[in-house]
Amino acid sequence: MLVLVVGPSGAGKDTVLGLARQALAGDTRFRFVRRVITRPADAGGEDHEAVSEAEFAQRRFALAWGAHGLRYGVPLGVVDDLARGIVVVANVSRGVIAEAAAAFPVRVIEVTAPVEILARRLAARGRETAEDVARRLARDVAIPDGVGVDTVVNDGTPVEAADRFVAALNRAALSVGRG
């Protein structure tokens, strides 16, 4: 199963994913995807494979999309992991959920937080104007009908959110075992 991790900016997806990866280190049921991004390796944020636009265009991906002036890709190798029954965990854009669901068995885990927490976190980053933050918070991309969703609310400590996230992943792994 391909577990698609989505959520608004400021929800803490990278933090929750990092803690979940640590908690599940050595558990062979799971593989956390290292995305390919047209962003320098030292740009901060998640650990990713940095590539140029030209290199990205030459590669094949299981999923690929563009956002915020960058290109993102989930490596094609995840297809082999899925065939072996591994739960593959990938941070993606909501815009590729329908495409992923048409090609793979999927489950969505949405990491979110109350809007006032999101606003505070985005403002603390200092990367965007107040108007840009407001636009981000107003964005709403629906998850397609028929796709199973677990919601993890990250409104406490990062460890609490990661524990809820790991519980959702374990439920996904159990559903794979029954399939």
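Every chain begins its residue count from 1, and numbering advances along the sequence as written. Residues qualify for local features only when their pLDDT is at least 70, as the model is predicted, and side-chain atom pairs are given and counted only at 80 or more; totals for whole chains, interfaces and linings, by contrast, use all residues. For side-chain calculations, the full set of non-hydrogen atoms in the structure is used, while hydrogens and water are omitted.

Engineer: Give a detailed account of the packing of aromatic side chains, specifying residues and quantitative values.
Structural biologist: Centre-to-centre distance and the angle between the planes together describe a pair of aromatic rings. Any pair of Phe, Tyr and Trp rings, taking the six-membered ring for Trp, is counted once the centres come within 6.5 Å. Such a pair is stacked with planes under 30 degrees apart, edge-to-face with planes over 60 apart, and tilted for the rest. Per the stated rule, a full pass over the model turns up 2 aromatic pairs. Pairing F56 with F61 gives two aromatic rings, centres 4.5 Å apart and planes at 25°, and the pair type is stacked. Think of it in three bands: residues with accessible area under 20% of the maximum for their type are buried, residues over 50% are exposed, and the middle band is partly exposed, with areas taken using a 1.4 Å probe on protein chains only. Take F61: its relative accessible area is 15%, and that puts it in the buried class. Consider the rings of W65 and Y72, whose centres lie 5.6 Å apart with planes at 5°: the pair is stacked. Using a relative accessible area of 7% as the deciding quantity, one classes W65 as buried. Y72 gets classed as buried once you look at its relative accessible area, which sits at 9%.

Engineer: Before we move on, could you go through the packing of helix α5 (residues 115-125) against helix α6 (residues 130-138) and cite the residues and values that matter?
Structural biologist: Comment: axis = line fitted to C-alpha atoms, over the contacting stretch for helices; angle = value between 0 and 180 degrees taken between N-to-C directions. The helix and strand labels rest on DSSP assignments: H or I over at least four residues marks a helix, E over at least two residues marks a strand, and numbering proceeds from the N terminus. Packing of α5 against α6 brings their axes to within 10 Å, and their N-to-C directions diverge by 145°. Where α5 crosses over α6, the handedness of that crossing is right-handed. Along the contact surface, α5 presents V115, L118, A119 and L122, while α6 presents V133, R136 and L137. Classes in brief: Ala, Val, Leu, Ile, Met, Phe, Trp, Tyr, Cys and Pro nonpolar; Asp, Glu, Lys and Arg charged; the others, Gly included, polar. Among the residues forming the contact of α5 with α6, the class breakdown is 6 nonpolar, no polar and 1 charged. Crossings are classed by handedness, with left-handed meaning an anticlockwise turn of the near helix from the far one by less than a right angle and right-handed meaning a clockwise turn. The contact rule is simple, with two residues in contact once any of their heavy atoms fall within 4.5 Å.

Engineer: An account of helix α1 (residues 13-23) is requested, with residue identities and associated values reported.
Structural biologist: Because each turn of an α-helix spans 3.6 residues, side chains separated by three or four positions in sequence point in the same direction. All of the buried residues in α1 are K13, V16, L17 and A20. Down the axis of α1, the buried side of the element spans an arc of 100°, and every buried residue falls inside it. Taken from the helix axis, the directions to the C-beta atoms give the arc we talk about.

Engineer: Break down the environment of L118 for me, citing the residues and quoting the values.
Structural biologist: Turning to its location among the elements, L118 is positioned in helix α5. With relative accessibility at 5%, the residue L118 sits in the buried group. Along the primary structure L118 and G146 are separated by 28 residues, whereas in three dimensions their C-alpha atoms are 27 Å apart.

Engineer: Any chance you could break down the sheet that holds strand β8 (residues 106-112) for me, citing the residues and the numbers?
Structural biologist: Strand order in the open sheet formed by 5 strands is β2-β7-β1-β8-β9, with parallel pairing between adjacent strands. Two strands lie at the open edges of the sheet, namely β2 (30-32) and β9 (149-153), each paired on one side alone. Within the sheet, the average angular offset between the axes of one strand and its neighbour, ignoring direction, is 20°. DSSP bridges decide pairing: two strands pair if at least two such bridges lie between them. Bridge count between β8 and β9: 5 bridges; the pairing is parallel. Its bridge partner lying in β9, T112 is registered against V153.

So far we have only geometry, and geometry alone does not tell us how the molecule works.
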